[in-house]
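Below are the chains, spelled out letter by letter.
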Amino acid sequence: SSAISIRGLCKSYGHTEVLHGIDLEIARGATTCLIGPSGSGKSTLLRCIAFLEEATRGTILIDGQPLGFEERPDGTRLRLAPPRIRKVRSGIGMVFQQFNLWPHMTALGNVTEALVTVKGLSRQEADARGMAQLRRVGLEARARHYPSELSGGQQQRVAIARALALEPEILLFDEPTASLDPELTGEVLTVMRDLGQEGMTMVVVTHEIGFAASVGQRIAFLDHGRVLLNGTPAELFAAP
Ligand code: ADP
Ligand code: ADP
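Residues numbered from 1 in each chain as written. Chains lettered and ligands numbered in written order. Predicted model: local features only at pLDDT ≥ 70, side-chain atom pairs only at ≥ 80, totals over all residues. Heavy atoms only, no water.

(A) Seen up close, the pairing of strand β4 (residues 57–62). Most of β4 sits out of view: five of its six residues are buried. Pairing geometry for β4 and strand β5 (residues 65–66), over two bridges, is antiparallel. Across the sheet, Ile-62 pairs through a bridge with Gln-65, a residue of β5. Hairpin connection of β4 to β5: two residues between the antiparallel strands, including Asp-63 at a positive phi of 55°. (Buried < 20%, exposed > 50% of the residue type's maximum accessible area, 1.4 Å probe, protein only. Helix = DSSP H or I, 4+ residues; strand = E, 2+ residues; numbered from the N terminus. Pairing = 2+ DSSP bridges.)

(B) View of the pattern of salt bridges. As enumerated under the stated definition, the model contains twelve salt bridges in all. Taking the shortest distance from any N to any O, the salt bridge between Asp-63 and Arg-28 comes out at 3.2 Å. With Asp-63 in the loop between β4 and β5 and Arg-28 in the loop between β2 (16–26) and β3 (31–35), this pair connects stretches of sequence that are 35 residues apart. Of the charged contacts in the structure, one is a salt bridge between Arg-136 and Glu-198, with a shortest N-O distance of 2.8 Å. Of this pair, Arg-136 sits in helix α4 (residues 123–136) while Glu-198 is found in the loop between α6 (182–197) and β10 (201–205), placing the two residues 62 residues apart along the sequence. Within the structure, one salt-bridge network assembled from shared partners comprises Lys-11, Arg-47 and Glu-53. (Salt bridge = Lys/Arg side-chain N within 4 Å of Asp/Glu carboxyl O.)

(C) The arrangement of the nonpolar core in detail. Ranked by internal contacts, the top residues of the largest apolar core, which has 39 residues, are Leu-134, Val-158, Ile-160, Leu-171, Phe-173 and Leu-195. Breaking this core down by element, the ones donating at least two residues are β3, α3 (107–117), α4, α5 (152–165), β9 (170–174), α6, β10 and α7 (209–215). By residue number, the principal contributor to this core is α5, which donates seven residues. For Ile-160, the contacting residues outside a window of four places in its chain are Val-95, Val-137, Phe-173, Val-188, Val-191 and Leu-195. Grouped together as the second largest cluster of nonpolar side chains are 31 residues, Phe-51, Ile-60, Ile-92 and Val-203 included. (Core = buried A, V, L, I, M, F, W, Y, C linked by side-chain atoms within 4.5 Å. Contact = heavy atoms within 4.5 Å.)

(D) Local environment of the confidence of the model for the protein chain. Per-residue confidence for the protein chain gives a mean pLDDT of 94, with 99% of residues at or over 70. Scoring the predicted complex yields pTM 0.91 and, for the interface, ipTM 0.74. (pLDDT = per-residue confidence, 0-100.)

(E) Region of the structure containing the site of ligand 1. Close to ligand 1 lie Tyr-13, Val-18, Pro-37, Ser-38, Gly-39, Ser-40, Gly-41, Lys-42, Ser-43 and Thr-44. At 2.8 Å, a backbone N or O of Gly-39 approaches an oxygen atom of ligand 1. Coverage of ligand 1 by the protein amounts to 54% of the 560 Å² it exposes when considered alone. For the shell around ligand 1, the leading source of residues is helix α1 (residues 42–49), giving three residues. Across the shell around ligand 1, the residue classes break down as three nonpolar, six polar and one charged. (Near = heavy atom within 4 Å. Polar contact = N/O pair within 3.5 Å; in protein donor to acceptor, adjacent residues only side chain to side chain. Areas by Shrake-Rupley, 256 points an atom, 1.4 Å probe, with all protein chains shown as cover. Nonpolar A, V, L, I, M, F, W, Y, C, P; charged D, E, K, R; others polar.)

This is the structure in structure tokens:
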């Protein structure tokens, strides 16, 4: 079965509907890129999968489990109990365009904060797990540096390590390299490719088609709140 099943997903802001019934299956253990023009709804769709936004209609199943809401055949929507929402939501990690690191914390502090405050790990356990994740993104030697002492590419790798430390089954990326100088996107791309090789399920919003073609096994093309095309890079970019 799919890692994520999106069925009939609609999202409105006020009276304006911006997602018009998205149906999309996200394959397990693969990287799916969401591409499309600015304003087509890529970020909104990703934020719905992250449950940072609530869809107006339709359902999202994570590993077969409904995220946030269950929709009955008659169209009524039932909000699930908070523990059940948290359980499904905890399998999903997110990486943002602007890194969103805490400036007053070291790289290691950023990675371990939620392990201590949310997961209840001891400082010692959290540091051990945090260092392992920093090693995974090639930043062990920068553990004691503050974000302002790191390049943009290094900051984004810290943000990836922070997401990984919570052991997600699915990682979502919203324009992960859009804030980076071109020479720094390569190091983030390398980390993402490594994760892909390890079998991580990833969904990546990007407006850079070259990036999508080099990191994605599946590409979904959105336009005006609809999925117009969905396939492998070879299928999408093949000459007619
Ligand atoms: P993309 O990521 O493809 O650039 P978005 O998902 O950011 O597209 O936006 C899709 C549409 O929804 C756009 O018309 C945008 O202006 C609108 N939109 C996004 N977020 C909000 C919001 N918080 N309130 C109102 N409209 C929004
Ligand atoms: P993106 O394309 O990555 O969503 P934007 O600059 O379009 O980036 O949006 C940045 C933030 O502003 C997002 O949180 C989005 O939800 C919000 N936003 C986007 N469009 C609108 C809008 N028309 N009205 C209100 N908020 C918006």
